[in-house]
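Spelled out from the first residue to the last, the chains are:
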Amino acid sequence: MPGSFSCGVAFTQLWLTLLVVTPVNGQHEAVLQSVVYLQPPWTTFFQGEKVTLFCYGFGFYLPQKTKWYRKNKTQRQLRSTSTLEVRESGEYWCQADNFLPSMHVHLDFRQDSLVLQAPPAVFEGDSVVLRCHTREDIAAESLKFYKNGKALELSGPSSELHIHHANREDNGQYTCTGRKNWHLKYTPSNTVRVQVQELLPRPVLMATPSQPIDGSPVTLTCQIQLPAQRSNVQLQFCFLKNLQALESGCSNSSEFHIPAIWTEESTWYQCRAETVNSQTEKQSIALKIPVQRALADFQTYIMPASKLVYEGQSLLLNCSVNGVPGPLKFSWYKRDMLNKKANIPKSSGAEVKISKVNVSDAGEYYCEAKNSRRRFVSRAVPITIKVPVSQPVLTLSSGKTQALEGDLMTLHCKSQRGSPYILYEFYHENVSLGNSSTLSGEGGGASFNFSMSTERSGNYHCTADNGLGAQNSEAIWISVAEMTNNRSAPVIAGITVGLLITAVGVFLSYCWFSRQAGGKPASDESRSPSDAEPQEPTYYNMPACIELQPVYSNDPKEAVIYTEIRRTQPKPKPKRADRAAGLQTFVTVKESESPRSRCQMAEKN
């Protein structure tokens, strides 16, 4: 059956490689075994069937010489070929070239009507197939599988039982049964015992050298011994430092290199081995590496004497060593905040000088002294670069410097450069409002909130200080926008303009109607009264009084406004101007408590 064969191949690359680790002169060497591979991948067959055995060296290396062995009642050597066809029961094994002999494979050829075929070994996470192999007289629809004597329920008649991701709950005795055509009696198969084994043992973490000298490199090795039947499983390895993964995670390499290890690092290391699909993993016991301090006596001098250097200053480092035979060669190195080591190329011998330091020069400096046999590393000298703050910038969150009374205002002060800690302080007319500090020199700055009022109008500024001199921001003027409660003026102005337009319209209409009717003014044009003589206004067909309605505003406190319209005759002017003079209309706006009183007075007159 093609499906059964392909699934069986996955776990019958049998007895691949057994890594036997033995200490030799303090080193560890791997002793490799030969590999036996079966096709088809079963160990139980019908009498008359055959199986082909293949012999390989480690890593499926094709050997030059092969020896086959068989043990039935007696042990004897078979022919020396890379493949062997087998039709008889017994134990078989091989030896490829100079590898160790392979593990024994027990093959069973039976005369039964049906046999249960299974892989020779099952491990955690395996996909297992148990095959009920029958002769032609067994009805396929009658096949049943049993575990520990209890029938298993399958989705339908099948000659295969699939176990996905095997675990220890799948352990047990398995059989299958079937009946011949037209028979009621079921025939049992052979019994197969499934024992799920541990795939990954606990790995062992080793350090080389086991007791490194201060500042020397160390190689960590994650050693694990896979079972011989699964020595071809692909693994990936992860290395941890104080339970945190090192560098970029896991890889297929079982080694990890530490460029330099230090006595100051009281650190626990671990490794983890896991399958590529991450279904199975095991972690080693934590290992603390004892780092030995070098016997050399180093003396490190720095100028200035303080380890705190201001940006722009010069820095001089000098290293000397006692107790180490010469000649010595010195080198200077620097470790940054990410623990990356870099050589300082401008260093001359035991001295290194930086004319003007900047932020990138901060880190831990150490020197290395080498003679013809070994090297010595000094303790690290931490150098901190202090950067003065730049002029802060004061901004308003709203962006508007004029606000209404009661508005919430937010001032924000920020310096683009400066070493932490930075202290920000806010001022109103040179009076401090409060302060706030921030860790980062390139952080978000600080903010101050207040409620706007008339008393809060004025100049605002802020300062930034990290101990190297305070810096003042530019001032910002913030004022309160005034609001008026007297809304009668716009109302009166609007009413006045409206009434003026109405009066002009009435006057023009009256003039037009008078001319159409041929009427003349009551006054005599020949009469020329003196300019000083007062004249009373003359009315033409005008009603005695127009009673006006009050106009109200929305403000209950305001008085009621009334409007009265009069038409008067202009004062006499010189004759030359008489012809150009016309009637003028005046609009008088007066406040009165009773609009009817003036009308009543007019009627009486």
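Given the structure is predicted, the values throughout are model-derived calculations rather than measurements.

1. Thoughts on the overall build of the protein chain
Helix and strand counts for the protein chain stand at four helices and 48 strands. In the protein chain, which comprises 605 residues, the proportion classed as buried is 36%. Within the protein chain, residue pairs in contact and separated by at least 24 positions form 62% of the contacts whose partners lie at least 6 positions apart. For the protein chain, the exposed area adds up to about 36800 Å²; of that, 51% sits on carbon and sulfur atoms.

2. Remarks on the pattern of salt bridges
Taken as a whole and judged by the stated rule, the model has 11 salt bridges. For Lys282, the salt bridge goes to Glu198, with nearest N and O atoms at 2.6 Å. Highlighted residues: Lys282 in strand β27 (residues 281-283) and Glu198 in the loop between β20 (196-197) and β21 (204-208), separated in sequence by 84 residues. Owing to a relative accessible area of 24%, Lys282 belongs among the partly exposed residues under this scheme.

3. Regarding the packing of aromatic side chains
Each aromatic ring pair is characterised by the separation of its centres together with the angle its planes make. Summed over the entire model, instances satisfying the criterion amount to eight aromatic pairs. Considering the side-chain rings of Phe450 and Tyr460, the 5.3 Å spacing of their centres and the 15° angle between planes classify their relative orientation as stacked. With a gap of 10 residues between them, Phe450 in strand β43 (residues 446-451) and Tyr460 in strand β44 (residues 458-465) connect regions that are remote in the sequence. Comparing Phe450 with Tyr460, the two get one shared label, buried. Members of the aromatic cluster, each reached through a chain of ring pairs, are Phe426, Phe448, Phe450 and Tyr460.

4. Topic: the state of the cysteines
Inspection of the entire model under this criterion finds six disulfides. Here Cys413 pairs with Cys462 through a disulfide, and the sulfurs are 2.1 Å apart. Between Cys413 and Cys462, the disulfide has an S-S torsion of 70° and is therefore right-handed. Taken together, the residues span a long stretch of sequence, with Cys413 in strand β40 (residues 408-414) and Cys462 in strand β44 at a distance of 49 residues. A relative accessible area of 0% places Cys462 in the buried class.

5. Description of the environment of Ser432
In this fold, Ser432 is placed in strand β42 (residues 431-438). With residues up to four places along the chain from it excluded, the contact list for Ser432 reads Glu425, Phe426 and Tyr427. A distance of 2.7 Å separates the side chain of Ser432 from the side chain of Glu425, its partner in a polar contact.

6. Remarks on the sheet that holds strand β13 (residues 128-134)
Sheet architecture is open: three strands sit in the order β11-β13-β16, paired in antiparallel fashion. Bordering the open sheet on either side are β11 (114-117) and β16 (160-163), each of which pairs with just one other strand. Averaged over all pairs of adjacent strands, the angle between their axes in this sheet comes to 10°, without regard to strand direction. Of the pairings in the sheet, the one linking β13 to β16 comprises four bridges and is antiparallel in character. Residue pairing for β16: Val129 is matched across the bridge by His162.

7. Remarks on the side chain of Lys386
In this structure, Lys386 sits in strand β37 (residues 381-386). One buried charge, Lys386, has no salt-bridge partner; the nearest side chain with opposite charge is Asp465, at 9.0 Å. Looking at Lys386, its side chain comes within polar contact range of the main-chain oxygen of Pro420, at 3.0 Å. Among residues more than four places away in sequence, those in contact with Lys386 are Leu308, Val309, Tyr310, Glu311, Ser419, Pro420, Tyr421, Asn466 and Leu468.

8. As for unusual backbone geometry
Look at the link from Gln39 to Pro40: it is a cis peptide, with omega at 0°. Take Pro40: it is sitting in the loop between β3 (35-39) and β4 (44-46). Going from Pro420 to Tyr421, the amide bond is cis rather than trans, its omega being -10°. Mapped onto the secondary structure, Tyr421 falls in the loop between β40 and β41 (422-428). Despite not being glycine, His165 has its phi angle at roughly 50°, a positive value. Tracing the chain through its elements places His165 in the loop between β16 and β17 (172-179). Judged by relative accessible area, His165 falls into the partly exposed class, the value being 44%. Within the chain, Asn430 stands out as a residue other than glycine whose phi angle is a positive 65°. With respect to the element layout, Asn430 can be found in the loop between β41 and β42.

9. A short note on the nonpolar core
Core analysis: the largest hydrophobic core is formed by 23 residues, its most contacted members being Leu220, Phe239 and Tyr269. Elements with a minimum of two residues in this core: β21, β22 (218-223), β23 (235-241), β25 (255-258) and β26 (268-275). Tyr269 has contacts with Leu205, Leu220, Leu240, Lys241, Leu246, Ile258, Ile261, Ile285, Ala286, Leu287 and Ile289, leaving out every residue within four places of it along the chain. Residues Leu315, Trp332, Ile344 and Val357 belong to the second largest nonpolar core, which totals 21 residues.

10. Looking at the pairing of strand β5 (residues 51-56)
Most of β5 sits inside the fold, with six of its six residues counted as buried. Pairing geometry for β3 and β5, over five bridges, is antiparallel. Residue pairing in the sheet places Val35 in a bridge with Tyr56 of β5. Of the strand pairs in this sheet, β5 and strand β8 (residues 83-86) are connected by four bridges, and their pairing is antiparallel. Paired with Leu53 across the bridge in β8 is Leu84.

11. What about the side chain of Asp361?
Mapped onto the elements, Asp361 comes out in the loop between β34 (351-354) and β35 (363-370). Within the buried core, Asp361 has no salt-bridge partner, and the shortest N-O distance to an opposite charge, that of Lys334, equals 5.1 Å. A distance of 2.9 Å separates a polar atom in the side chain of Asp361 from the backbone nitrogen of Asn358. Setting aside residues no more than four positions away along its own chain, Asp361 makes contact with Lys334, Ile354, Lys356 and Ile385.

12. So, the confidence of the model for the protein chain
Of all residues in the protein chain, 71% have pLDDT values of 70 or greater, and the mean over the chain is 75. Note on residues 1-29: pLDDT is under 50 here. Beyond four places in sequence and across chains, it has 74 contacts.

13. Observations regarding the sheet that holds β43
Pairing is antiparallel in the open sheet, where three strands are placed in the order β38-β40-β43. The open sheet has two free edges, formed respectively by β38 (393-396) and β43, since each of these has just one partner strand. Sheet twist, expressed as the mean angle between neighbouring strand axes with direction ignored, is 20°. Bridge count for β38 against β40 is four bridges, and the pairing is antiparallel. Its bridge partner being in β40, Leu396 is matched across the sheet by Leu411.

Cut-offs applied
- Think of each chain on its own: its residues are numbered from 1, step by step along the sequence as written.
- Totals for whole chains, interfaces and linings use all residues, but because this is a predicted model, local features are given only for residues with pLDDT of at least 70 and pairs of side-chain atoms are given and counted only at 80 or more.
- The basis for every side-chain value is the complete set of non-hydrogen atoms in the structure, without hydrogens or water.
- Secondary structure is summarised from DSSP: a helix means a run of H or I of at least four residues, a strand means a run of E of at least two, and numbering begins at the N terminus for each.
- Exposure classes here rest on a 1.4 Å probe applied to the protein chains alone. A residue is buried below 20% of its type maximum, exposed above 50%, and partly exposed in between.
- Here, residues are in contact when the closest pair of their heavy atoms is within 4.5 Å.
- Values of accessible area rely on a 1.4 Å probe in the Shrake-Rupley scheme; residue burial ignores everything except the protein chains shown.
- Any Lys or Arg side-chain nitrogen located within 4 Å of an Asp or Glu carboxyl oxygen qualifies as a salt bridge.
- Pairing of aromatic rings covers Phe, Tyr and Trp, the last through its six-membered ring, and needs centres within 6.5 Å; plane angles under 30 degrees mean stacked, over 60 mean edge-to-face, and all others mean tilted.
- In what follows, a disulfide is any cysteine sulfur pair within 2.5 Å.
- For this analysis, a polar contact is any N or O atom pair within 3.5 Å, provided that within protein one partner can donate a hydrogen and the other can accept it, and provided that sequence-adjacent residues contribute only side-chain to side-chain pairs.
- Pairing between strands is defined by DSSP: at least two bridges between the two strands are required.
- Axes here mean lines fitted to C-alpha atoms, for a helix over just the part in contact, with angles spanning 0 to 180 degrees between N-to-C directions.
- Counted charges follow a simple rule, with Lys and Arg positive, Asp and Glu negative, and His plus the chain ends left uncounted.
- What we call a nonpolar core is a set of buried Ala, Val, Leu, Ile, Met, Phe, Trp, Tyr and Cys residues that are connected through their side-chain atoms within 4.5 Å.
- Scored between 0 and 100, pLDDT is the confidence that the predictor attaches to each residue.

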